[in-house]
Amino acid sequence: MRDAKPNNEKKPKKAASAERPAGIRRPNSPRIPGASVHTSLASEIGLRIVRGDYPPGTILPNEAKWSETFDVSRSAVREAIKMLMAKSLLASRPKIGSWVEPKERWNLLDRDVLAWYATSPDRDVFLRTVQEFRHIIEPEATAFAAMRRTDEQMAEISQACREMGEATNLQERTRADTRFHLAILRASGNDLLVPLGVLIESAFDHLFAYTTRELDDLQYAQKLHEAIERNIRLQRPDAARNAVRKLLANTDDVIRSRQGRYSGEAGLT
């Protein structure tokens, strides 16, 4: 029940950066271009919540403490807290203050929350979740795209695929990869997939950057994408669906390989 009182005896876990002023005023902490003070502050607090510095149920510091820690006005703190409440990370009540909501209430389809989640210590779990989402959505969306795509949409898909192959660095390739998959979602003709695709754009960026770094044979990955593009262009829904499944299976192998190697290095195997 949302109005249930949190456990007041829980103490905030000490953030790793607590020994020095953290957040938007740190010299080595880049500001978001054009962002206001309260937006930058919300980003800093939100990241701390998602990465586990303040577990669910934790009562957060009051306005005065945040204001002192970040060297900002109390009004900026209030606006930042409102932003985090709108994303369902926080709840608040007079005389109690603000506390962290349970994870299942967080709006994980919010762009900011996704970005914070993707850089948290649970990033591997998050990326596996993104990959599961792809298995659920992309094969059928691609089959629909093969049946419904317009010439303009096909041109967008083809261009993104071509730019993947021509990319000269990881960032270029990742951006083109993301555009490729989002263009397919738009070409599926299902209105519900369009806003969903936009919301998960940040998650796709992180996933593709993660797997591209580990992919020894980029030419093979490119061929898998080209097979998808070709079958959409030739309007072969069954073949397009199977091509996506082959790509997803390859990505699964890359994720397992990376996680297995890191577990071995940590002495966990």
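Before reading further, recall that the structure is shown in the block above.
Now for a look at the structure at hand.

Parameters at a glance
- Residues numbered from 1 in each chain as written.
- Predicted model: local features only at pLDDT ≥ 70, side-chain atom pairs only at ≥ 80, totals over all residues.
- Heavy atoms only, no water.
- Core = buried A, V, L, I, M, F, W, Y, C linked by side-chain atoms within 4.5 Å.
- Buried < 20%, exposed > 50% of the residue type's maximum accessible area, 1.4 Å probe, protein only.
- Helix = DSSP H or I, 4+ residues; strand = E, 2+ residues; numbered from the N terminus.
- Contact = heavy atoms within 4.5 Å.
- Pairing = 2+ DSSP bridges.
- Axes fitted to C-alpha atoms, helices over the stretch in contact; angles between N-to-C directions.
- Parallel < 35°, antiparallel > 145°, perpendicular 65-115°, else oblique.
- Left-handed = near helix turned anticlockwise from the far one by under 90°.
- Nonpolar A, V, L, I, M, F, W, Y, C, P; charged D, E, K, R; others polar.

1. Thoughts on the nonpolar core
Thought 1: Formed by 39 residues in total, the largest nonpolar core has its most connected members in Ile-49, Trp-66, Leu-84, Leu-89 and Phe-126.
Thought 2: Those elements that place two or more of their residues in this core are helix H1 (37–50), helix H2 (63–70), helix H3 (74–86), helix H4 (111–118), helix H5 (123–148), helix H7 (170–187), helix H8 (193–199) and helix H9 (201–214).
Thought 3: Setting aside residues no more than four positions away along its own chain, Ile-49 makes contact with Tyr-54, Leu-60, Leu-84, Leu-89, Leu-90, Val-100 and Trp-106.
Thought 4: Residues Met-164, Leu-224, Val-244 and Leu-247 belong to the second largest nonpolar core, which totals 21 residues.

2. Description of the pairing of strand S2 (residues 97–100)
Thought 1: Pairing between strand S1 (residues 90–93) and S2: four bridges, direction antiparallel. Bridging from a neighbouring strand, Arg-93 pairs with Gly-97 of S2.
Thought 2: Here S1 folds back onto S2, and the loop between the two strands holds three residues, one of which, Lys-95, carries a positive phi near 70°.

3. Remarks on the packing of H5 against H7
Thought 1: Relative orientation of the contacting elements H5 and H7 amounts to 60°, with a least axis distance of 7 Å. By the angle between their directions, the pair H5 and H7 is classed as oblique. Note that H5 runs across H7; the crossing there is left-handed. Contacts from Arg-134, Ile-137, Glu-138, Ala-141, Thr-142, Phe-144, Ala-145 and Arg-148 of H5 reach H7 at His-181, Ile-184, Leu-185 and Ala-187.
Thought 2: By residue class, the composition of the contact of H5 with H7 is seven nonpolar, two polar and three charged.

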